[in-house]
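Structural features, examined
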Amino acid sequence: MMSQRSLLMSLLCAAWILPGLFHDPWKPDEAYTFGVIFDLLQGGSWVVPTLTGEPFLDKPPLFYLTAAATAKLFSFALPLHDAARVATGLWMAATFAFTALAGRELYGTRYGAVSALLLLGCFGFVVRGHQLITDVALLAGFAMAYYGFALVLRRPTAGGVWIGTGMGISFLANGLLAPMILGAVALLLPALARDWRSRSYATALAAAAVTAAPWLTIWPILLERQAPLLFEDWLWGENLSRYFSQGRGGWAGTLYYLKILPWYAFPAWLLALWALWRARGPGISRPAIVLPLTGFVVTLVVLSSSSPARELYALPLLLPLALLAAAAPESLRRSATNAWYWFSAMTFTFFVVVFWFYWSGLELGMPARLHEHLHRIRPGYEPGFKWLPFTLGVAYTLFWLTVLASFKRSPMRPVVVWGAGITTTWALLAILFIGWADNAKSYRSMIVSLQQALPGQYDCVASIELGESQRALLHYFAGIVTQRQEARVARRECDLLLVQGRPQLEIVTGAAWEKIWEGARPGDKDERYRLYRRATKPSS
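Treat the numbers as computed from the prediction; the structure is a model and nothing was measured.

The subject of this paragraph is the overall build of the chain. When its secondary structure is counted, the chain shows 23 helices and 7 strands. Scaling as 2.2 N^0.38, a compact globule of 540 residues should have a C-alpha radius of gyration of about 24 Å, and the chain matches this with 25 Å. By principal-axis analysis of the C-alpha atoms, the chain measures approximately 80 × 65 × 45 Å. Across the 540 residues in the chain, those meeting the buried criterion constitute 55%. A sequence separation of at least 24 residues applies to 75% of the contacts in the chain between residues at least 6 apart. Carbon together with sulfur atoms contributes 63% to the accessible area of the chain, which is approximately 24200 Å² in total.

Written as structure tokens, this is what we have:
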């Protein structure tokens, strides 16, 4: 039977996961990720993933395959891109589940829900955890591996299987990052704590190696046999060069990640520091401290040595911080617990009121000045009262008020209230304002405008400086695969030319071309797209 605490955690995680999964693919990461998925659905190869027909080996194929599977499975009820994004929700559910399992193994049964809620409550996790990106599968693999490292102390073989599975999934989702980090953690744990210094742990590592081997070898072998040069490009260009080439890394990378963690991992990092302070002395060698602390330090070192540094890449830092912080709430002084509770209650209630006020301005035109301002910064959005978002928004608001009214004073109350507050404010943003945001972040309206300007008959469309995201969405929304002038393959002579540039700077195409269309996303002041028609036919 599922306990009341586990049921609450499951419902809260589901309430967190669902909002924000349904909208057009957004630039940059979602758009090109969906482009690869769309190519798979069109009959492309999973061994050599492609973007608009060209090899695209940014990441291994696991997430693309799972997203293509959910796209096929749910396309009867959802647009293809939303059906693909269901995979994100499934990977997030796995991440929460295995984080909770790891917390239970390290601290005890009742700490599993706390571990998951602390991860859920991190600011930096909210947006990224709902995107169509390969990193969500990477994170699920890390969570499985942390659970495995904790489980080996009780069940060595089963723990080793989960370590190997987590390492393999992370590898097939992202590349060599996860095996490097998890392999280092596996070797360091026996040196840092006697709990892992045993024959049973050696058995667990053997089981991990056997389990991970198929995940780590089958796809690279198939890729090397089918396309040796592409395999070399992937191995060096997308993996090893990030650690051994000149560029950002070292102290600059460390400082970057340490600089963003105060907001990115809030409030987990504060509780993790408190847990370390409480564990000073002999307590620092406990498995519940050694495992997440080792994982955090190794991950930070590996990320810092790579280039470039991005906020997205910091996601694996959140898992060990959430596990390290899991026992901290119970040890807080009553004054700190009450302060956290009241800060959460007042802050999130304030934002709930603000979001409804802005919704009234956006959709109902009250107040008028706010209505004009919102539509000036996002032109083209059609306002109006819509029953479904309104009803869902009211439901989340009532959920928030119920949480505030029903939870009695306890050390865990601020953890639950914080998680519920993050969930409610995110849900209101994603439900009430998703159409308004989609209007500016999506390329759909721009591509529709471009389609209307296309001649009735044309041979093909060439492109200059057209980004990966734009090529992917042009293929999806309009069925147009451009012939890139920058490509190293032989190019066709096309009678149309699409150029990506800036509003103030128009790339000179010569007298042979005449401009027939110019456009951009609504409110976009950085990008400009221009379509040209060849004035004279190319010489044969």
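Time to look at the sheet that holds strand β5 (residues 496–501). Within the open sheet, the 5 strands sit side by side as β4-β3-β5-β7-β6. Their pairing is mixed. Edge positions in the sheet fall to β4 (483–484) and β6 (513–519), since each of these pairs with one other strand and no more. Packing of helix α22 (residues 444–453) onto the sheet brings it into contact with β5, β6 and β7 (528–534), and relative to β6 it is tilted by some 145°.

This part covers the packing of aromatic side chains. Using the criterion set out here, one finds 36 aromatic pairs in the structure. Residues Phe-266 and Trp-418 carry aromatic rings whose centres are separated by 5.6 Å and whose planes lie at 70° to one another, so their mutual orientation is edge-to-face. Remark: Trp-418 occurs in helix α20 (residues 413–432) and Phe-266 occurs in the loop between α12 (251–264) and α13 (268–278); sequence separation between them is 152 residues. In this structure Trp-418 comes out as buried when scored by relative accessible area, which is 3%. Taken together, the ring pairs in this structure connect Phe-123, Phe-266, Phe-343, Phe-348, Trp-400 and Trp-418 into an aromatic cluster. Its guanidinium or amino end placed over the ring of Tyr-313, Arg-310 lies 5.6 Å from that ring's centre, counting from NZ or CZ. It is Lys-441 that lies over the ring of Trp-26; its NZ or CZ is 5.4 Å from the centre.

Right, let's get into the packing of helix α5 (residues 112–120) against α20. Contact geometry of α5 with α20 gives a least axis separation of 9 Å together with a crossing angle of 40°. Looking at the two axes, α5 sits oblique to α20. As for how α5 packs across α20, the hand of that crossing is left-handed. Across the interface between the two elements, Val-114, Leu-117, Leu-118 and Leu-120 from α5 touch Val-415, Val-416, Gly-419, Ile-422 and Thr-423 from α20. Residues that form the contact of α5 with α20 fall into these classes: 7 nonpolar, 2 polar and no charged.

Of all the 6 residues making up β5, 6 are buried; the element is thus mostly covered by neighbouring parts of the structure. Residues of β5 alternate between two faces, with Leu-496, Leu-498 and Gln-500 on one and Leu-497, Val-499 and Gly-501 on the opposite face, all of them buried. Alignment of strand β3 (residues 461–464) against β5, held across 4 bridges, turns out to be parallel. Across the sheet, residue Ala-462 finds its bridge partner in β5, namely Leu-497. Sheet topology note: the β5/β7 ladder contains 6 bridges and is antiparallel. Across the sheet, Gly-501 pairs through a bridge with Arg-528, a residue of β7.

Glancing now at the nonpolar core. Within the largest apolar cluster, 174 residues are counted, with the highest numbers of intra-cluster contacts made by Phe-125, Phe-149 and Tyr-257. In terms of residue count, helix α7 (residues 135–151) provides more of this core than any other element does, 14 residues in total. Contacts of Tyr-257, omitting those with residues within four sequence positions, involve Leu-300, Leu-303, Ser-304, Pro-308, Ala-309, Arg-310, Tyr-313, Ala-314 and Leu-317. Listed in part, the 7 residues of the second largest apolar core include Cys-460, Cys-494, Val-499 and Tyr-532.

A word on unusual backbone geometry. Look at the link from Lys-27 to Pro-28: it is a cis peptide, with omega at 0°. In this structure, Pro-28 sits in the loop between α1 (4–17) and α2 (29–41). Between Phe-266 and the following residue, Pro-267, the backbone shows a cis peptide bond with an omega angle of 0°. When you line up the elements, Pro-267 lands in the loop between α12 and α13. One non-glycine residue, Thr-52, adopts positive backbone phi at about 50°. Position of Thr-52 relative to the elements: it lies in the loop between β1 (50–51) and β2 (54–55). Assessed through its relative accessible area of 10%, Thr-52 is described here as buried.

Definitions and limits used
- Residues numbered from 1 in each chain as written.
- Predicted model: local features only at pLDDT ≥ 70, side-chain atom pairs only at ≥ 80, totals over all residues.
- Heavy atoms only, no water.
- Helix = DSSP H or I, 4+ residues; strand = E, 2+ residues; numbered from the N terminus.
- Rg over C-alpha atoms; globule rule 2.2 N^0.38 Å.
- Buried < 20%, exposed > 50% of the residue type's maximum accessible area, 1.4 Å probe, protein only.
- Contact = heavy atoms within 4.5 Å.
- Areas by Shrake-Rupley, 256 points an atom, 1.4 Å probe, with all protein chains shown as cover.
- Pairing = 2+ DSSP bridges.
- Axes fitted to C-alpha atoms, helices over the stretch in contact; angles between N-to-C directions.
- Phe/Tyr/Trp six-rings, centres within 6.5 Å; stacked < 30°, edge-to-face > 60°.
- Lys NZ or Arg CZ within 6 Å of the ring centre and 35° of its normal.
- Parallel < 35°, antiparallel > 145°, perpendicular 65-115°, else oblique.
- Left-handed = near helix turned anticlockwise from the far one by under 90°.
- Nonpolar A, V, L, I, M, F, W, Y, C, P; charged D, E, K, R; others polar.
- Core = buried A, V, L, I, M, F, W, Y, C linked by side-chain atoms within 4.5 Å.

Just geometry here; none of it tells us what the structure is for.
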